[in-house]
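This is what each chain is made of:
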Amino acid sequence: MNVSFHGLSAFPLTPADEEGLVDVEALSLLVQRLDAAEVDSIGLLGSTGSYAYLSRDDRLRAVNAAVECLKGKCRQLIVGVGTFRTSEAVALAKDAEAAGADALLLAPVSYTPLTQEEVYHHFAAVAGATSLPLCIYNNPSTTHFSFGDELLVRLAYIPHIRAVKMPLAAEMGFKAELERLRPRLGEDFAIGYSGDWGCSEAVLQGADCWYSVIGGLLPVPSLRLLRAAQAGDAAEVKRIEDYFQPLWSLFKEFGSYRVVYAAANLLSLTHRQPPLPVMPLSVSDCARVEEALAKLAELDGLPAATP
(Lines give C-alpha, C1' and ligand atoms only; values in the text may rest on other atoms or scores of the structure.)
Protein backbone atom coordinates (compact mmCIF):
# COMPACT_ATOMS: atom_id res chain seq x y z
CA MET A 1 0.00 0.00 0.00
CA ASN A 2 1.22 3.47 -0.89
CA VAL A 3 0.99 5.44 2.37
CA SER A 4 0.63 9.13 1.63
CA PHE A 5 0.64 10.74 5.11
CA HIS A 6 -1.95 13.23 3.85
CA GLY A 7 -5.42 14.27 5.00
CA LEU A 8 -6.91 13.30 8.36
CA SER A 9 -4.88 10.84 10.40
CA ALA A 10 -7.20 9.86 13.26
CA PHE A 11 -5.69 8.69 16.55
CA PRO A 12 -7.99 6.58 18.74
CA LEU A 13 -7.65 5.70 22.39
CA THR A 14 -6.35 2.27 23.31
CA PRO A 15 -8.83 1.23 26.02
CA ALA A 16 -7.19 -1.12 28.54
CA ASP A 17 -7.79 -2.44 32.04
CA GLU A 18 -5.86 -1.41 35.15
CA GLU A 19 -3.01 -3.80 34.30
CA GLY A 20 -2.67 -2.56 30.73
CA LEU A 21 -4.47 -5.45 29.03
CA VAL A 22 -5.98 -3.99 25.87
CA ASP A 23 -9.77 -4.11 25.62
CA VAL A 24 -9.96 -5.54 22.11
CA GLU A 25 -13.73 -5.13 21.84
CA ALA A 26 -13.65 -1.43 22.73
CA LEU A 27 -10.64 -0.73 20.51
CA SER A 28 -12.26 -2.56 17.60
CA LEU A 29 -15.37 -0.42 17.96
CA LEU A 30 -13.28 2.76 17.75
CA VAL A 31 -11.37 1.51 14.72
CA GLN A 32 -14.57 0.45 12.96
CA ARG A 33 -16.02 3.95 13.46
CA LEU A 34 -12.93 5.47 11.84
CA ASP A 35 -13.09 3.06 8.92
CA ALA A 36 -16.80 3.75 8.40
CA ALA A 37 -16.15 7.51 8.37
CA GLU A 38 -13.41 6.99 5.73
CA VAL A 39 -10.62 8.83 7.49
CA ASP A 40 -7.43 8.98 5.45
CA SER A 41 -5.39 6.98 7.95
CA ILE A 42 -5.63 5.58 11.47
CA GLY A 43 -2.84 6.40 13.90
CA LEU A 44 -2.69 3.54 16.36
CA LEU A 45 -0.60 3.75 19.54
CA GLY A 46 0.12 7.44 19.38
CA SER A 47 0.14 9.57 22.52
CA THR A 48 -3.66 9.42 22.61
CA GLY A 49 -3.29 5.66 22.24
CA SER A 50 -1.25 5.36 25.48
CA TYR A 51 1.77 3.81 23.76
CA ALA A 52 4.12 4.84 26.58
CA TYR A 53 2.02 2.95 29.13
CA LEU A 54 1.76 -0.38 27.28
CA SER A 55 4.06 -3.40 27.17
CA ARG A 56 5.29 -4.94 23.94
CA ASP A 57 2.70 -7.72 24.23
CA ASP A 58 -0.12 -5.25 24.85
CA ARG A 59 0.93 -3.11 21.90
CA LEU A 60 0.95 -6.16 19.64
CA ARG A 61 -2.50 -7.09 20.94
CA ALA A 62 -3.72 -3.64 19.88
CA VAL A 63 -2.10 -3.86 16.44
CA ASN A 64 -3.55 -7.31 15.81
CA ALA A 65 -7.02 -6.10 16.78
CA ALA A 66 -6.83 -3.09 14.46
CA VAL A 67 -5.45 -5.12 11.56
CA GLU A 68 -8.26 -7.65 12.00
CA CYS A 69 -10.84 -4.83 11.86
CA LEU A 70 -9.33 -3.39 8.70
CA LYS A 71 -8.76 -6.68 6.90
CA GLY A 72 -9.63 -6.26 3.24
CA LYS A 73 -10.18 -2.50 3.65
CA CYS A 74 -8.17 0.28 2.04
CA ARG A 75 -7.73 2.26 5.26
CA GLN A 76 -4.07 2.94 6.12
CA LEU A 77 -2.81 1.91 9.57
CA ILE A 78 0.10 3.87 11.05
CA VAL A 79 1.50 2.31 14.24
CA GLY A 80 3.51 4.12 16.93
CA VAL A 81 6.70 2.33 17.97
CA GLY A 82 8.29 4.85 20.34
CA THR A 83 10.09 3.51 23.41
CA PHE A 84 13.26 4.11 25.43
CA ARG A 85 15.76 1.66 23.93
CA THR A 86 16.64 1.50 20.24
CA SER A 87 16.60 -2.31 20.33
CA GLU A 88 13.07 -2.28 21.74
CA ALA A 89 11.86 0.22 19.14
CA VAL A 90 13.31 -2.02 16.41
CA ALA A 91 11.46 -5.01 17.89
CA LEU A 92 8.20 -3.04 18.02
CA ALA A 93 8.66 -1.96 14.40
CA LYS A 94 9.18 -5.57 13.33
CA ASP A 95 6.12 -6.66 15.33
CA ALA A 96 4.00 -4.01 13.61
CA GLU A 97 5.21 -4.99 10.15
CA ALA A 98 4.63 -8.70 10.78
CA ALA A 99 1.11 -7.98 12.08
CA GLY A 100 0.15 -6.04 8.95
CA ALA A 101 0.69 -2.35 9.69
CA ASP A 102 1.13 -0.01 6.74
CA ALA A 103 3.49 2.54 8.29
CA LEU A 104 5.31 3.50 11.48
CA LEU A 105 5.35 6.56 13.73
CA LEU A 106 8.40 7.09 15.91
CA ALA A 107 8.98 9.53 18.77
CA PRO A 108 12.39 9.95 20.47
CA VAL A 109 11.33 8.79 23.93
CA SER A 110 14.03 9.13 26.59
CA TYR A 111 14.74 9.76 30.26
CA THR A 112 18.23 11.12 29.62
CA PRO A 113 18.05 14.14 27.28
CA LEU A 114 19.11 13.09 23.79
CA THR A 115 21.40 14.88 21.36
CA GLN A 116 20.56 15.49 17.71
CA GLU A 117 23.17 12.88 16.73
CA GLU A 118 21.73 10.25 19.08
CA VAL A 119 18.26 10.74 17.68
CA TYR A 120 19.59 10.47 14.12
CA HIS A 121 21.09 7.05 14.79
CA HIS A 122 18.01 5.91 16.72
CA PHE A 123 15.76 6.75 13.77
CA ALA A 124 18.17 5.28 11.24
CA ALA A 125 18.16 1.96 13.10
CA VAL A 126 14.37 1.75 13.34
CA ALA A 127 13.80 2.89 9.76
CA GLY A 128 16.24 0.27 8.51
CA ALA A 129 14.61 -2.56 10.46
CA THR A 130 11.52 -2.91 8.22
CA SER A 131 10.27 -2.06 4.76
CA LEU A 132 7.53 0.20 6.13
CA PRO A 133 7.46 3.97 5.58
CA LEU A 134 8.11 5.92 8.76
CA CYS A 135 6.84 9.24 10.06
CA ILE A 136 8.94 11.32 12.47
CA TYR A 137 7.00 12.27 15.58
CA ASN A 138 8.23 15.71 16.68
CA ASN A 139 6.46 16.18 20.02
CA PRO A 140 8.66 18.34 22.26
CA SER A 141 5.96 18.97 24.86
CA THR A 142 6.03 15.26 25.72
CA THR A 143 9.52 14.06 24.78
CA HIS A 144 11.33 17.32 25.63
CA PHE A 145 13.28 16.91 22.40
CA SER A 146 13.02 19.30 19.44
CA PHE A 147 14.12 18.32 15.96
CA GLY A 148 16.41 20.91 14.42
CA ASP A 149 16.07 21.63 10.70
CA GLU A 150 19.43 20.01 9.98
CA LEU A 151 18.37 16.81 11.71
CA LEU A 152 15.12 16.67 9.75
CA VAL A 153 17.08 17.11 6.51
CA ARG A 154 19.46 14.28 7.43
CA LEU A 155 16.57 12.01 8.34
CA ALA A 156 14.73 12.80 5.10
CA TYR A 157 17.62 11.19 3.18
CA ILE A 158 17.13 7.86 4.99
CA PRO A 159 15.12 5.35 2.96
CA HIS A 160 11.58 4.81 4.32
CA ILE A 161 11.50 8.07 6.36
CA ARG A 162 8.85 9.96 4.43
CA ALA A 163 6.98 12.32 6.74
CA VAL A 164 7.05 14.40 9.90
CA LYS A 165 4.34 15.10 12.46
CA MET A 166 5.12 18.59 13.73
CA PRO A 167 3.92 20.60 16.73
CA LEU A 168 1.97 23.78 16.01
CA ALA A 169 4.12 26.53 14.56
CA ALA A 170 4.87 29.56 16.70
CA GLU A 171 2.13 32.18 16.34
CA MET A 172 0.47 29.89 13.75
CA GLY A 173 3.15 30.78 11.21
CA PHE A 174 2.77 27.55 9.24
CA LYS A 175 3.29 29.03 5.78
CA ALA A 176 6.71 30.40 6.67
CA GLU A 177 7.73 27.13 8.33
CA LEU A 178 6.57 25.07 5.37
CA GLU A 179 8.35 27.38 2.92
CA ARG A 180 11.53 26.99 4.97
CA LEU A 181 11.37 23.20 5.26
CA ARG A 182 9.88 21.99 1.97
CA PRO A 183 12.78 22.93 -0.33
CA ARG A 184 15.17 21.09 1.99
CA LEU A 185 13.06 18.02 2.77
CA GLY A 186 11.73 17.50 -0.75
CA GLU A 187 8.28 17.86 -2.26
CA ASP A 188 7.50 14.17 -1.70
CA PHE A 189 8.23 14.46 2.04
CA ALA A 190 4.92 15.05 3.83
CA ILE A 191 4.68 17.68 6.57
CA GLY A 192 1.71 17.50 8.92
CA TYR A 193 0.78 18.94 12.31
CA SER A 194 -0.77 17.96 15.61
CA GLY A 195 -2.39 20.20 18.20
CA ASP A 196 -6.03 19.98 17.17
CA TRP A 197 -7.02 23.60 17.80
CA GLY A 198 -4.48 24.89 15.25
CA CYS A 199 -4.50 22.23 12.56
CA SER A 200 -7.26 23.58 10.33
CA GLU A 201 -5.19 26.75 10.04
CA ALA A 202 -2.11 24.63 9.30
CA VAL A 203 -3.90 22.89 6.43
CA LEU A 204 -5.24 26.22 5.13
CA GLN A 205 -1.63 27.41 5.00
CA GLY A 206 -0.46 24.34 3.10
CA ALA A 207 0.18 21.47 5.54
CA ASP A 208 -0.29 17.96 4.19
CA CYS A 209 -1.88 16.28 7.20
CA TRP A 210 -3.83 16.84 10.39
CA TYR A 211 -2.76 14.24 12.98
CA SER A 212 -5.89 14.41 15.08
CA VAL A 213 -6.83 13.48 18.63
CA ILE A 214 -10.51 14.37 18.26
CA GLY A 215 -10.59 12.72 14.84
CA GLY A 216 -9.91 9.42 16.59
CA LEU A 217 -13.17 9.77 18.51
CA LEU A 218 -15.38 12.00 16.36
CA PRO A 219 -14.24 11.45 12.78
CA VAL A 220 -17.31 12.85 10.98
CA PRO A 221 -17.14 16.49 12.15
CA SER A 222 -13.34 16.31 12.07
CA LEU A 223 -13.42 15.30 8.42
CA ARG A 224 -15.85 18.13 7.71
CA LEU A 225 -13.35 20.59 9.17
CA LEU A 226 -10.39 19.01 7.39
CA ARG A 227 -12.08 18.95 3.98
CA ALA A 228 -13.04 22.62 4.28
CA ALA A 229 -9.43 23.49 5.06
CA GLN A 230 -8.15 21.37 2.17
CA ALA A 231 -10.55 23.23 -0.14
CA GLY A 232 -9.15 26.56 1.08
CA ASP A 233 -12.58 27.64 2.32
CA ALA A 234 -11.54 29.89 5.21
CA ALA A 235 -15.10 31.05 5.91
CA GLU A 236 -16.36 27.48 6.26
CA VAL A 237 -13.37 26.57 8.41
CA LYS A 238 -14.19 29.44 10.76
CA ARG A 239 -17.86 28.44 10.90
CA ILE A 240 -17.02 24.83 11.81
CA GLU A 241 -14.27 25.85 14.24
CA ASP A 242 -16.83 27.78 16.29
CA TYR A 243 -18.52 24.46 17.14
CA PHE A 244 -15.19 22.90 18.15
CA GLN A 245 -14.04 25.78 20.36
CA PRO A 246 -15.47 24.46 23.67
CA LEU A 247 -13.55 21.23 23.14
CA TRP A 248 -10.36 23.08 22.23
CA SER A 249 -10.65 25.11 25.44
CA LEU A 250 -10.92 21.92 27.47
CA PHE A 251 -7.98 20.38 25.58
CA LYS A 252 -5.83 23.36 26.53
CA GLU A 253 -6.98 23.32 30.16
CA PHE A 254 -6.79 19.59 30.94
CA GLY A 255 -4.84 18.05 28.07
CA SER A 256 -6.55 16.29 25.18
CA TYR A 257 -5.78 12.84 26.64
CA ARG A 258 -7.98 13.28 29.72
CA VAL A 259 -10.73 15.06 27.80
CA VAL A 260 -11.02 12.39 25.11
CA TYR A 261 -11.24 9.65 27.71
CA ALA A 262 -14.08 11.55 29.38
CA ALA A 263 -15.80 12.07 26.03
CA ALA A 264 -15.46 8.39 25.10
CA ASN A 265 -17.08 7.44 28.41
CA LEU A 266 -19.90 9.92 27.93
CA LEU A 267 -20.54 8.48 24.47
CA SER A 268 -20.56 4.94 25.90
CA LEU A 269 -17.74 3.93 23.57
CA THR A 270 -15.69 2.59 26.47
CA HIS A 271 -15.88 2.50 30.25
CA ARG A 272 -12.09 2.34 30.56
CA GLN A 273 -10.15 5.13 32.23
CA PRO A 274 -6.68 6.56 31.52
CA PRO A 275 -3.80 4.57 33.02
CA LEU A 276 -2.74 5.64 36.48
CA PRO A 277 -1.16 7.88 37.59
CA VAL A 278 -3.20 9.89 35.04
CA MET A 279 -6.50 10.65 36.75
CA PRO A 280 -9.90 10.90 35.05
CA LEU A 281 -11.69 14.24 35.06
CA SER A 282 -13.99 15.15 37.94
CA VAL A 283 -17.77 14.86 37.64
CA SER A 284 -18.12 18.62 37.22
CA ASP A 285 -15.44 18.74 34.52
CA CYS A 286 -17.04 15.80 32.73
CA ALA A 287 -20.23 17.87 32.64
CA ARG A 288 -18.28 20.54 30.77
CA VAL A 289 -17.09 17.90 28.30
CA GLU A 290 -20.71 16.85 27.81
CA GLU A 291 -21.66 20.46 27.06
CA ALA A 292 -18.83 20.70 24.53
CA LEU A 293 -20.03 17.53 22.80
CA ALA A 294 -23.56 18.91 22.67
CA LYS A 295 -22.27 22.08 21.03
CA LEU A 296 -20.40 20.08 18.41
CA ALA A 297 -23.51 17.97 17.75
CA GLU A 298 -25.24 21.16 16.56
CA LEU A 299 -22.95 21.29 13.52
CA ASP A 300 -25.45 20.95 10.68
CA GLY A 301 -27.24 18.27 12.64
CA LEU A 302 -24.30 15.87 12.44
CA PRO A 303 -24.59 13.05 14.99
CA ALA A 304 -21.15 13.85 16.39
CA ALA A 305 -22.08 13.17 19.99
CA THR A 306 -23.78 9.82 19.51
CA PRO A 307 -22.11 6.39 19.38
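See the structure above.
Residues numbered from 1 in each chain as written. Predicted model: local features only at pLDDT ≥ 70, side-chain atom pairs only at ≥ 80, totals over all residues. Heavy atoms only, no water.

J.: Quick question: what am I supposed to make of the pairing of strand 5 (residues 134-137) here?
T.: Strand residues, when the strand is regular, have side chains that alternate between the two faces of the sheet. Burial of the side chains of strand 5 extends over both faces: Leu134 and Ile136 are buried on one face and Cys135 and Tyr137 on the other. Across three bridges, strand 4 (residues 103-106) lies against strand 5 in parallel orientation. Within strand 5, the residue paired with Leu106 across the bridge is Ile136. Each parallel crossover has a hand, and the one from strand 4 via helix 4 (residues 116-127) to strand 5 is right-handed. Summarising the sheet, strand 5 and strand 6 (residues 161-166) pair through four bridges and their orientation is parallel. In the sheet register, Ile136 faces strand 6, and the bridge partner there is Val164. (Buried < 20%, exposed > 50% of the residue type's maximum accessible area, 1.4 Å probe, protein only. Helix = DSSP H or I, 4+ residues; strand = E, 2+ residues; numbered from the N terminus. Pairing = 2+ DSSP bridges. Right-handed = clockwise from strand over helix to strand, strands pointing away.)

J.: Please clarify how the side chain of Asp58 should be interpreted in this entry.
T.: Its place among the elements puts Asp58 in helix 2 (residues 56-69). For Asp58, which is buried and forms no salt bridge, the nearest opposite charge comes from Arg61, at a distance of 5.5 Å. In this structure the side chain of Asp58 is engaged in a polar contact, spanning 2.9 Å, whose partner is the side chain of Ser55. Here Asp58 is in contact with Gly20, Leu21 and Val22, once residues within four sequence places are set aside. (Lys, Arg positive; Asp, Glu negative; His and termini not counted. Salt bridge = Lys/Arg side-chain N within 4 Å of Asp/Glu carboxyl O. Polar contact = N/O pair within 3.5 Å; in protein donor to acceptor, adjacent residues only side chain to side chain. Contact = heavy atoms within 4.5 Å.)

J.: So what exactly am I meant to see when it comes to the packing of aromatic side chains here?
T.: In the structure shown here, the tally under the stated rule is eight aromatic pairs. Aromatic pair Phe174 and Tyr193: ring centres 4.8 Å apart, planes at 75°, arrangement edge-to-face. Here Phe174 is found in helix 7 (residues 174-185), whereas its partner Tyr193 is found in strand 7 (residues 190-193), with 19 residues between them in sequence. You can call Phe174 buried: its relative accessible area is 0%. (Phe/Tyr/Trp six-rings, centres within 6.5 Å; stacked < 30°, edge-to-face > 60°.)

J.: Explanation requested: the pattern of salt bridges in the structure shown.
T.: Pairing between side chains becomes possible if they bear opposite charge and their charged atoms approach one another. Inspection of the entire model under this criterion finds 16 salt bridges. A salt bridge links Lys238 to Asp242, with the shortest nitrogen-to-oxygen separation between them at 3.9 Å. Residue Lys238 and its partner Asp242 are located together in helix 10 (residues 234-254), separated by four residues, close to a single helical turn. Put simply, Lys295 and Glu298 hold a salt bridge, and the shortest N to O gap is 3.7 Å. Owing to a relative accessible area of 48%, Glu298 belongs among the partly exposed residues under this scheme. Overlapping salt bridges, with partners in common, bring together Asp35, Lys73 and Arg75 in one network.

J.: I keep staring at the pairing of strand 7 and nothing clicks. Help me out?
T.: Alternating positions in strand 7 separate into two faces, Ala190 and Gly192 on one and Ile191 and Tyr193 on the other, with burial throughout. One ladder, built from four bridges, connects strand 6 with strand 7; its direction is parallel. Residue Lys165 lies in a different strand from strand 7, and its bridge partner there is Gly192. As for the winding sense of the linkage, the β-α-β connection from strand 6 through helix 7 to strand 7 is right-handed. Two strands pair when backbone bridges link them, and strand 7 and strand 8 (residues 209-212) are joined in this way by two bridges, in the parallel orientation. Bridging across to strand 8, Gly192 finds its partner in Cys209. As a crossover connection, the stretch from strand 7 through helix 8 (residues 196-204) into strand 8 is right-handed.

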